[in-house]
Amino acid sequence: MVTLAELNSGKIPDWCPGCGDFGILNALKRAMMDTGLPHEKFYLVAGIGCSGKTPQWLNTYSIHTLHGRALPVATGAKLANTDLNVIVTGGDGDGYGIGAGHFLHAMRRNIDLTYVVFNNLVYGLTTGQTSPTSEKGFATKSTPFGVIEVPVNPLALAIASGATYVARGYAGDIVHLSKLIADGITHRGFALIDVLQPCVTFNHKNTYEWYQKTVYKLPETYNPADKMAAFQKSMEWGDSGIPIGVFYKESRPTYADELPQLSTPLVKQPIDNVDIDRLMQKMI
Amino acid sequence: MVTLAELNSGKIPDWCPGCGDFGILNALKRAMMDTGLPHEKFYLVAGIGCSGKTPQWLNTYSIHTLHGRALPVATGAKLANTDLNVIVTGGDGDGYGIGAGHFLHAMRRNIDLTYVVFNNLVYGLTTGQTSPTSEKGFATKSTPFGVIEVPVNPLALAIASGATYVARGYAGDIVHLSKLIADGITHRGFALIDVLQPCVTFNHKNTYEWYQKTVYKLPETYNPADKMAAFQKSMEWGDSGIPIGVFYKESRPTYADELPQLSTPLVKQPIDNVDIDRLMQKMI
Amino acid sequence: MAGQADLDFSFKMGGEAGYGIAQSGMIFSKACTRMGLHVFVNNEYPSLIRGGHNTVQIRVRAKPVPGHTETVSMVLALNRKTMDDHEKEVLPGGVILYDADDVKDTKKERGDVSYCHIPLLALAKEAGGERIMRNTVGLGAAAAFCGLDVGIMNQLIKEGLGKKGEALADTNIRAAKLGYDFAAKNYDTKAFGWKLSGRAGEPPKMLITGNEAMAMGAIRAGCKFLAAYPMTPASAIMHYFAANERECSLVMKHVEDEIAGINMAIGAANAGVRAMISTSGGGFSLQTEGLGLAAMTETPVVMIEVQRPGPATGLPTRTEQADLHFVINAHQGEFPRLVVVPGDAEECFYLTAEAFNWAERFQLPVIVMSDKYLAESFFSHEKFDQSRVTVNRGWIVGEDWLKAHQPFKRYFSTENGVSPRVIPGTAYGIHREPSDERDELGSIDEDPQVRKVQVERRLRKFASVQKEVPAPALHGPAGADVTLVVWGSTKGPAIEALELLEKQGVRANVMQFVYMWPFPEAAEGLLREAKRLVLVEGNATGQLGRLIRQQTGIKIEEKILRYDGRPLSAEYIRGGFTSLKGGRA
Amino acid sequence: MAGQADLDFSFKMGGEAGYGIAQSGMIFSKACTRMGLHVFVNNEYPSLIRGGHNTVQIRVRAKPVPGHTETVSMVLALNRKTMDDHEKEVLPGGVILYDADDVKDTKKERGDVSYCHIPLLALAKEAGGERIMRNTVGLGAAAAFCGLDVGIMNQLIKEGLGKKGEALADTNIRAAKLGYDFAAKNYDTKAFGWKLSGRAGEPPKMLITGNEAMAMGAIRAGCKFLAAYPMTPASAIMHYFAANERECSLVMKHVEDEIAGINMAIGAANAGVRAMISTSGGGFSLQTEGLGLAAMTETPVVMIEVQRPGPATGLPTRTEQADLHFVINAHQGEFPRLVVVPGDAEECFYLTAEAFNWAERFQLPVIVMSDKYLAESFFSHEKFDQSRVTVNRGWIVGEDWLKAHQPFKRYFSTENGVSPRVIPGTAYGIHREPSDERDELGSIDEDPQVRKVQVERRLRKFASVQKEVPAPALHGPAGADVTLVVWGSTKGPAIEALELLEKQGVRANVMQFVYMWPFPEAAEGLLREAKRLVLVEGNATGQLGRLIRQQTGIKIEEKILRYDGRPLSAEYIRGGFTSLKGGRA
Ligand SMILES: Cc1ncc(C[n+]2csc(CCOP(=O)(O)OP(=O)(O)O)c2C)c(N)n1
Ligand SMILES: Cc1ncc(C[n+]2csc(CCOP(=O)(O)OP(=O)(O)O)c2C)c(N)n1
Ligand code: SF4
Ligand code: SF4
Ligand SMILES: [Mg+2]
Ligand SMILES: [Mg+2]
């Protein structure tokens, strides 16, 4: 049962003042505490971007990987030690752009990971280029005449790819978000929590004010077991309203569940003297 | 207006006798002829795999690229010369596995390409490992205890990603398939034609016999403009029936349409003496 | 005090990111170039968006400026860290401008330096601005000391803010004036030993970074397609292309990843346009596979690789020269490629432009290397000479030739290794280009003899390139006692170091490697003629030295290396030279 | 005829893919090893699934077999192409078995060779089989000539088809018998000059490929995680791991691409298990970036790179040794890595196992290189000695140590450069591992001094590895007149070439480079002692030669290179030697 004090790395986040990342960091800490899991069993994996710095501000085991490669690293770690609680943080560019392939494949595997995407609809750390979630027409350094392509829809992709927990939160609603993350951590299987995150420096379109007006919570009556409803909801975006909450949820064995050789975590299996005589005998 | 004789490269396909690829090759030739487009304006781009060899058997301009990279190469070629009719061929591993990221992004860009995926639910050329479309439980050299993950759903991904023409054909129905491909070529924007292709050597589950029983054509009454219906249909798979036909279609400007600088194809713009004096003046 | 001809003035501004230091630096620098002076501007900043410690250092001379110096004449400290860290760099007689209300309790240990309080915040507010306008006040104060032309400065403030920013420009101009007046009134600015004065009649100069010069060179050479993904310190190349997409009629595609980048560029080049990518080491790593596709299909692509300290994410915003062997050897197998490394903005322009000719004449990938120091530093330079850039597209055949040469043999084995190429869409030129080994027609062929023919043709092509590759450039006196062997951005600091060494009685010159691969054959002779070789590189292992030994057997025992993420400078080289054993093993 | 001790029998089977040649080859080869004989089996096949021209060549001796020969004693031609292409390879007195009903109108130009028609198809049908059983008939006929133990052969046919295949096995055994009887009856098989006879009391031998030996070595070393993507010629490693997932309690993940592969392996290794990847050059290209992540975080991963001819897709199923400089230099920046290249199946086993110790003791990526010829050829070998493989996990600290050393400094700067490591999940060991440069605690830090400390620590680590790296291996007589300098799979052919050269009066030996990087310091002395150096490599430019010159200044002028996608052989080397100028520059 980790405490806030224990989670603190003692380093002050170097994000821009007012950045939505602060809200996500707080929600994440809160969620980690709420799960009641032991401190040293958390293993954080981050991509590269403003968002990718998250583990630097937390006092947990962590690895800060390459741009777009957090999910494979996390997958390897989880399969090596199923006792770890593996949480992945990264940005929209990191996860839905350069990392899109891994994203799809991790979900259909139902690897037991919690993936928190800091979705600010822009590239922050490289000083403001378009991201795969940027809205059509968005003008940036790399698209001065406006983005041409339609944005990636991470929730629809997740539902189509077999993710078993698909949620969207908002950095401006920490209480709601921390619940989404905590549930994602407890969920057995791949949990996506896409988080709407204002970037106060480079995104002057999708701001706190804008989200405050557009974001609404999925109603109590919404049934997250209904895949088609989830698709439908995932298509909603824009001034007319953006739903947050759990879009889709199902229960399916995780990847590790289907590997009998993981009944003891790999990392705990002795390797000092692996006998291969039978293997050699077969070659004769 | 290209003829069959002109399309023949004079090389005999080295696919296994009975391979579904032959049917696709025939349908492709037929479609190319049906479009009535001039011979030398076709530019074929292929990935690596049995399927990737297709351009070798055709007498058109072509480039055989790297495993998983056909779409970016095709995108570059199309943007360089919008007068070319760019057709992309590749396998399920090539396109939905290693190439999955490019697949998503090419679709949301609505690049004007025709993408024919030879989907045999297995890796052919590397002698039979699981592919991203292999069914759960499928036993292969790389998954002797059966595939654990759920398969990629290329049609659902395409619909979720903004493809503007999403179809599925069957290698065993050349007439139907060639129509799908021809329409894909004529369609302005990204056209996906996923083709069910029996691999007689490595896939003994999804065979001609099996497809003959399961495949059915989308009814006349089906409305390919209805996105939710398309999602719904894309979920159908298995013994109870697999729909083929055009799942989804919409009209949206292509990527090139939104670039005024392409009113003359780049390749035709003179470069002998590009004057940069104004650029330099700005630096002073 | 030295006269105008000997002017050597360095001004460093320091503070947190997001406080307009870069913009003020630009205004100051451009004002200097418009005055007819030469400048060199380098900046140091960490990998974050706001906060942290950022500096811009502007060096001004009446003659060309090869690089920065480790000392400065004036510091504008917008925060305490600037004062603490850079106090020691100030030359005797120099000035430190700071706001005593902000920067408190500092040691002020230098007796030979003036610490001049300027109420930056108060004056900014007085002008009607906010905290963010402190730097403008500082700019005004600085002008009072060094004699920067205030009219030009004000003009630049206006230009920077445009029509819509007129009111804001006025406020800024007011703020600058308040700073100027305060300094002039409270300090003996006349006594300041460095004075800028306009040099009328001087040709106008551009203020341009290595990145911009490369992008411009590419555009001049007719490059119509750039596929890029943001990555410091290469991003400005994509930004420059993007900004000029319509004006110059070209396409800059921000791709999903660097793998898509190289493959799109190959597609575009294969379809017949001049195409390139720009990235840093991490992105180049991802493009390693694509490089081989370009080589195998013999598609001419240009790749710009801007180095930063590695491995992995490393120090994203700092500088290093440690990717040489990586770039020369990337990808499996053996095939021709050309690697060229400019040393300053001028070379960035001309060599990038020329890269497209190499690529098309020999139908191979050309890699132009740079590094953060070269890529993001500003150089002052007259407009480039467009007539020095010509376009040579190599052996592209058209319909008539094709009709006379049927069937078209795309990979025909010629003496110099270069085969005829055709633009897809051309009648009679239809052929296939596989990434597998293939025969002359482009049909996949595994026959050992076919393989041998194609391998040997590629080797001949490499030899043809090697024959043409220019020798290393020599700077400084011939027959010197010491030869500094350098590459890339170390050129400027090394050339300047010659003067410092001269003062110590050491007659030295510089051998700058520009074309790295194929290794220039003339290099061995030049190296053997040199009396004493000293390797100077921005890495920890001496990569150029390793390459030289590999190609010539010559081992350079004496090395001056820097690998702390910071650029080499003339002083660093002098210091390094002084601590060499001096013997030649 | 030579006696049993001098037995040197090579049997080549050729035909289209999909006609069971590989299986027949295995039966023949295993029958030999069970008879107590030594074999070496290599195969040539194109990149397609059915059809094409495939051969399996089995060489049998009473003593270990270092490689294949360019000549054979017997050919089984299942199609005309086999006859046409390989007729010339048959030794005088040799035999070509073929079905005259299938293989018509061939030239049969050799007067010193017996062309023996065997009605393969007719007999296969007579046995109750189909066209696909022709090779079994041929196997029987071959046995009649060379004396292969028919009982063992039949036993192997049964084992191969298992319980469910009993009926099929009977048909096959019948087919083989018909072939045997036909040959015995119609030809003077007794006169055939090569006779295999059992060597009772010989220890049982495995028939094992380089790929399998590597996989086995990894499993013995406790590797629990392989992340791989199919790629010829490395795929068999993943297949072997996959087949043994449950029996050996490990995870083989068929990943979405090689990028995921290296990153998953890093994740697994970082979490504390021994982990690896296996791929060929194209996949390694994609893993170039990940390699640097392993280096920066100091995560021990083992990477197996199996070479094939490049660039790009190249010749997917052929052999070459042309990735050396690529592997040594892949990724931006400078950091320690270890590159080791086994030369035969035995070395594949022990060196791969040892690779994990290097990786964990020095916390760095270790790359084990192979090539198609080594990876897919079968070697006969006694069971490996398990006691020669020990597990050394290096400096992993536990709770008690951690309690006494708070805060935990993951990147503490030690003398040998190796820092303490902890398995995530351990109490008191919490820390961060960024891919950015960082301080001892794992906090991102851009300070120049911090950078310098970490760079220098990594350099010291590299030096520590270099100190331990074994010298090149020497084979053959000391002080020989000629030294063949080789690496990897060329070991066997080169060692055998010594005998051929000896016969020509040339006293030669072999210097085999095994540890390539860090370059073994002892190598220079050995090279300088040699009287005449001749480089022998499977590439077009002499990559090892280039490395040697880079590290020692020694230029090896004389080279025997092969780059047609086919492996070097003793005869090829002899031939190459004969055409050398012979002088030493
Ligand atoms: C291979 C590679 N390419 C590019 C980069 C440069 N890079 C660093 S962060 C980043 C994008 C960040 O955007 P996002 O993932 O949305 O994160 P944010 O900063 O917005 O949180 C890029 C392109 C890199 N580190 N590695
Ligand atoms: C980077 C890279 N990795 C692996 C390979 C090896 N490879 C060639 S084809 C192929 C898979 C083929 O499967 P698929 O795309 O489904 O095509 P199919 O052969 O089934 O038509 C693989 C893995 C390669 N060529 N390049
Ligand atoms: S750039 Fe944007 S995302 Fe990055 S720290 Fe600043 S506000 Fe946050
Ligand atoms: S392996 Fe399968 S896909 Fe490939 S050619 Fe044979 S049948 Fe077709
Ligand atoms: Mg972002
Ligand atoms: Mg397939």
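From a predicted model like this one, the values you see are computed outputs, not experimental measurements.

A closer look at the overall build of chain A
Item 1. In terms of regular secondary structure, chain A is built from 10 helices and 8 strands.
Item 2. With respect to the principal axes defined by its C-alpha atoms, chain A has extents near 70 × 45 × 40 Å.
Item 3. Put simply, chain A has 284 residues, and 70% of those count as buried.
Item 4. A fraction of 72% describes how many contacts in chain A between residues 6 or more apart in sequence connect residues 24 or more apart.
Item 5. Total accessible area on chain A is roughly 8800 Å²; 55% of this is exposed by carbon and sulfur atoms.

Let's talk about the overall build of chain C
Item 1. Secondary structure assignment for chain C yields 19 helices and 21 strands.
Item 2. Taking 2.2 N^0.38 as the reference for a compact globule, 585 residues should give roughly 25 Å; the C-alpha atoms of chain C span a radius of gyration of 26 Å, in line with that estimate.
Item 3. If you line up chain C on its principal axes, its C-alpha atoms span 85 × 60 × 45 Å.
Item 4. The 585 residues of chain C split such that 70% are buried.
Item 5. Considering chain C, the positive charge centre built from 68 side chains and the negative charge centre built from 70 side chains are found 2 Å apart.

Comments concerning the site of ligand 3
Item 1. Neighbouring ligand 3 are A:Trp15, A:Cys16, A:Cys19, A:Cys50, A:Asn120, A:Gln197, A:Cys199, A:Val200, A:Thr201, A:Phe202 and C:Ile49.
Item 2. Grouping the constituent residues of the shell around ligand 3 by class yields 8 nonpolar, 3 polar and no charged.

Observations concerning the coordination of the magnesium ion (ligand 6)
All names here are of chain B.
Item 1. The protein atoms donating to the magnesium ion (ligand 6) are Asp92 (OD), Asn120 (OD1) and Val122 (O), with metal-donor distances spanning 2.0 to 2.2 Å.
Item 2. Taken in chain order, the donor set of the magnesium ion (ligand 6) reads D-x27-N-x1-V. As far as burial versus exposure is concerned, Asn120 and Val122 are alike and both buried.

Quick notes on the interface of chain C and chain D
Item 1. With 64 residues of chain C at the contact, the number on the chain D side is 64 residues.
Item 2. Here chain C packs against chain D, burying approximately 5200 Å² in sum over the two surfaces, 53% of which is carbon and sulfur.
Item 3. On the chain C side of the contact with chain D, C:Gln332, C:Glu334 and C:Glu446 bury the most area, a combined 15% of that side's loss.
Item 4. Inspection of the region where chain C meets chain D yields 4 salt bridges.
Item 5. A salt bridge links D:Arg318 to C:Glu446; the shortest N-O distance between them is 2.9 Å.
Item 6. Elements that contribute at least two residues to the side of chain C that touches chain D include exactly α10 (281-297), α11 (324-329), α15 (448-468) and α18 (543-552) of chain C.
Item 7. Among the elements that make up the side of chain C that touches chain D, the one with the highest residue count is α10(C) (9 residues).
Item 8. In the side of chain C that touches chain D, the residues fall into 21 nonpolar, 25 polar and 18 charged.

Focus on the sheet that holds strand β5 (residues 90-98) of chain D
All names here are of chain D.
Item 1. Taken in spatial order, the 8 strands make up an open sheet running β6-β5-β4-β1-β3-β2-β14-β7, and their pairing is mixed. At either end of the open sheet lies a strand with only one pairing partner, and these are β6 (114-117) and β7 (205-209). On average, each strand axis in the sheet is inclined to that of its neighbour by 20°, with strand direction left out of account.
Item 2. Pairing between β5 and β6: 4 bridges, direction parallel. Across the sheet, Val95 pairs through a bridge with Ser114, a residue of β6.
Item 3. Contacts from helix α1 (residues 21-34) reach β1 (8-17), β2 (38-44), β3 (51-61), β7 and β14 (378-382), with the element oriented near 5° to β3.

Brief notes about the side chain of A:His67
Item 1. Looking at the secondary structure, you find A:His67 in the loop between β2 (61-64) and α3 (70-80).
Item 2. A polar side-chain atom of A:His67 sits 3.1 Å from a polar atom in the side chain of A:Asp94.
Item 3. A distance of 2.6 Å separates polar atoms of two side chains, one belonging to A:His67 and the other to C:Tyr229.
Item 4. The contacts of A:His67, once residues within four sequence positions are left out, are A:Ile48, A:Gly93, A:Asp94, A:Ile98 and C:Tyr229.

Brief notes about the relation of the copies chain A and chain B
Item 1. For the match of chain A to chain B, the screw axis carries a shift of 0.0 Å, the RMSD comes to 0.0 Å, and the turn is 180°. Each copy turns onto its partner about a two-fold axis. Within chain A, A:Gly101 has its C-alpha nearest the rotation axis, a separation of 2.2 Å.
Item 2. Comparing interface residues between copies, 100% of those in chain A also lie at the interface in chain B; the contact surface is shared.

Structural notes on the interface of chain A and chain B
Item 1. Between chain A and chain B, the residue contacts involve 30 residues of the former and 30 residues of the latter.
Item 2. In total, about 2600 Å² of surface goes out of reach between chain A and chain B, with carbon and sulfur atoms giving 69% of it.
Item 3. Looking at the side of chain A facing chain B, the largest losses of area belong to A:Arg108, A:Ile148 and A:Glu149, adding up to 26% of the total buried there.
Item 4. Where chain A packs against chain B, one counts 4 salt bridges.
Item 5. The partner of A:Glu149 in a salt bridge is B:Arg109, with the nearest N and O atoms 2.8 Å apart.
Item 6. Linking chain A to chain B there are 10 residue pairs in polar contact (both at pLDDT 80 or more).
Item 7. Elements that contribute at least two residues to the side of chain A that touches chain B include exactly α4 (92-98), α5 (100-109), α6 (154-161) and α9 (227-234) of chain A.
Item 8. With 6 residues, the single largest contributor to the side of chain A that touches chain B is α5(A).

Examining the site of ligand 1
Item 1. Neighbouring ligand 1 are 21 residues; A:Cys50, A:Ser51, A:Asp92, A:Asp94 and C:Glu258 lie closest to it.
Item 2. Near ligand 1, residues from chains A, C and D are present, making the site a shared one.
Item 3. The backbone of A:Cys50 places a nitrogen or oxygen atom 2.8 Å from an oxygen atom of ligand 1.
Item 4. When the free accessible area of ligand 1 is taken as 580 Å², the share hidden by the protein chains comes to 97%.
Item 5. The greatest single-element share of the shell around ligand 1, amounting to 3 residues, is contributed by α4(A).

Digging into the coordination of the magnesium ion (ligand 5)
Item 1. Protein-derived coordination of the magnesium ion (ligand 5) comes from A:Asp92 (OD), A:Asn120 (OD1) and A:Val122 (O), at a distance range of 2.0 to 2.2 Å.
Item 2. In this structure A:Val122 comes out as buried when scored by relative accessible area, which is 2%.

With respect to the pattern of salt bridges
All names here are of chain D.
Item 1. Under the criterion given, the structure shown has 112 salt bridges over all chains.
Item 2. Here Lys12 ties to Glu89 by a salt bridge, and the two come within 2.7 Å at their closest N and O atoms. Placement of Lys12 in strand β1 and of Glu89 in the loop between α2 (80-86) and β5 is noted, with a sequence separation of 77 residues between them. Glu89 carries the same exposure label as Lys12, and that label is buried.
Item 3. Asp564 is the partner of Arg562 in a salt bridge, and the nearest nitrogen-oxygen pair spans 3.0 Å. Note on accessibility: Arg562 and Asp564 belong to one class, buried.

A few points about the nonpolar core
Item 1. Within the largest apolar cluster, 227 residues are counted, with the highest numbers of intra-cluster contacts made by A:Leu192, B:Leu192, C:Phe513, C:Leu544, D:Phe513 and D:Leu544.
Item 2. Ignoring any residue separated from it by four or fewer positions in sequence, one finds C:Phe513 in contact with C:Val341, C:Pro472, C:Val485, C:Val486, C:Trp487, C:Gly488, C:Phe519, C:Pro520, C:Ala523, C:Leu527, C:Leu544 and C:Ile548.

Describing the sheet that holds strand β14 (residues 378-382) of chain C
Strand pairing in a sheet is mediated by backbone hydrogen bonds. Such pairs are either parallel or antiparallel.
Residue and element names in this part refer to chain C.
Item 1. The strand order β6-β5-β4-β1-β3-β2-β14-β7 describes an open sheet built from 8 strands, whose pairing is mixed. Where the open sheet ends on each side, the last strands, each with one partner, are β6 (114-117) and β7 (205-209). Along the sheet, successive strands turn relative to each other by an average axial angle of 20°, direction set aside.
Item 2. The sheet strands contacting helix α1 (residues 21-34) are β1 (8-17), β2 (38-44), β3 (51-61), β7 and β14, and the helix crosses β3 at an angle near 5°.

Concerning unusual backbone geometry
Item 1. The omega torsion across C:Gln406 and C:Pro407 is -10°, close enough to zero to call that bond cis.
Item 2. Here C:Pro407 shows up in the loop between α14 (399-404) and β15 (432-433).
Item 3. The linkage connecting D:Trp517 with the following residue, D:Pro518, adopts the cis geometry, with an omega of 0°.
Item 4. Note that D:Pro518 resides in the loop between β19 (515-517) and α17 (522-529).
Item 5. At C:Lys108, a residue that is not glycine, the phi angle is positive and equals roughly 45°.
Item 6. Located in the positive-phi region is D:Gln363, a residue other than glycine, with phi close to 50°.
Item 7. One can find D:Gln363 in the loop between α12 (345-362) and β13 (366-371).

Here we look at the packing of aromatic side chains
Item 1. Enumeration over the complete set of coordinates arrives at 57 aromatic pairs over all chains.
Item 2. Measuring from ring centre to ring centre gives 4.9 Å for D:Phe349 and D:Tyr350, while their planes differ by 85°; the resulting arrangement is edge-to-face.
Item 3. When its relative accessible area of 0% is taken as the criterion, D:Phe349 is described as buried.
Item 4. Judged by its relative accessible area of 11%, D:Tyr350 is buried.
Item 5. Aromatic ring contacts, followed pair by pair, group C:Phe9, C:Phe11, C:Phe28, C:Phe145, C:Tyr187, C:Phe192 and C:Trp194 into a single cluster.

Rules of the game
Residue indices begin from 1 for each chain and proceed along its sequence in written order. Each chain takes a letter, starting from A, and each ligand takes a number, starting from 1, following the order in which they are written. The predicted nature of this model means local features are confined to residues of pLDDT at least 70 and side-chain atom pairs, given and counted, to a pLDDT of 80 or more, with totals for whole chains, interfaces and linings taken over all residues. Based on all heavy atoms of the structure, the side-chain values leave hydrogens and waters out of the count. Here a helix means four or more residues in a row that DSSP labels H or I, a strand means two or more in a row labelled E, and each is numbered from the N terminus. The classification of residues rests on relative accessible area computed with a 1.4 Å probe and restricted to protein chains. Under 20% of the type maximum is buried, over 50% is exposed, and intermediate values are partly exposed. Contacts were defined at the residue level, with two residues in contact if any of their heavy atoms lie within 4.5 Å. Per-residue accessibility takes into account occlusion by the displayed protein chains alone, with areas from the Shrake-Rupley method and a 1.4 Å probe. In this setup the radius of gyration rests on C-alpha atoms only. A globule is expected at 2.2 Å times the number of residues raised to 0.38. When charges are counted, neither His nor the chain ends are considered; positive counts come from Lys and Arg and negative counts from Asp and Glu. A charged residue contributes its charge at one atom only: NZ of Lys, CZ of Arg, CG of Asp or CD of Glu. By convention in this text, a residue qualifies as near a molecule or strand provided that one of its non-hydrogen atoms is within 4 Å of it. Gly is placed with the polar residues, together with every amino acid not listed as nonpolar (Ala, Val, Leu, Ile, Met, Phe, Trp, Tyr, Cys and Pro) or charged (Asp, Glu, Lys and Arg). Metal donors: N, O and S atoms at distances within 2.8 Å, or within 3.2 Å for Na, K and Ca, with water omitted from the atom set so that some sites may seem incomplete. Buried area is a sum: the accessible area each of two parts loses on coming together, probed at 1.4 Å, counted once for each and added. By convention in these notes, a salt bridge is any Lys or Arg side-chain nitrogen within 4 Å of a carboxyl oxygen on Asp or Glu. In this scheme, strands are said to pair when DSSP sees at least two bridges between them. For helices, the axis comes from a line fit to the C-alpha atoms of the stretch in contact; other axes are also lines fit to C-alpha atoms, and the angle between any two N-to-C directions lies between 0 and 180 degrees. Polar contact criterion, stated in full: a pair of N or O atoms within 3.5 Å, where within protein one must be able to donate a hydrogen and the other to accept it, and residues adjacent in sequence count only if both atoms are side-chain atoms. Superposition of the copies used a least-squares fit over C-alpha atoms from residues whose pLDDT is at least 70 in both. Among the buried residues, those of types Ala, Val, Leu, Ile, Met, Phe, Trp, Tyr and Cys that are joined through side-chain atoms within 4.5 Å form a nonpolar core. The pairing test for Phe, Tyr and Trp rings, Trp by its six-membered ring, is centres within 6.5 Å, and the orientation test on the planes gives stacked under 30 degrees, edge-to-face over 60, and tilted for anything in between.

Function-wise, these values are silent; they only describe arrangement.
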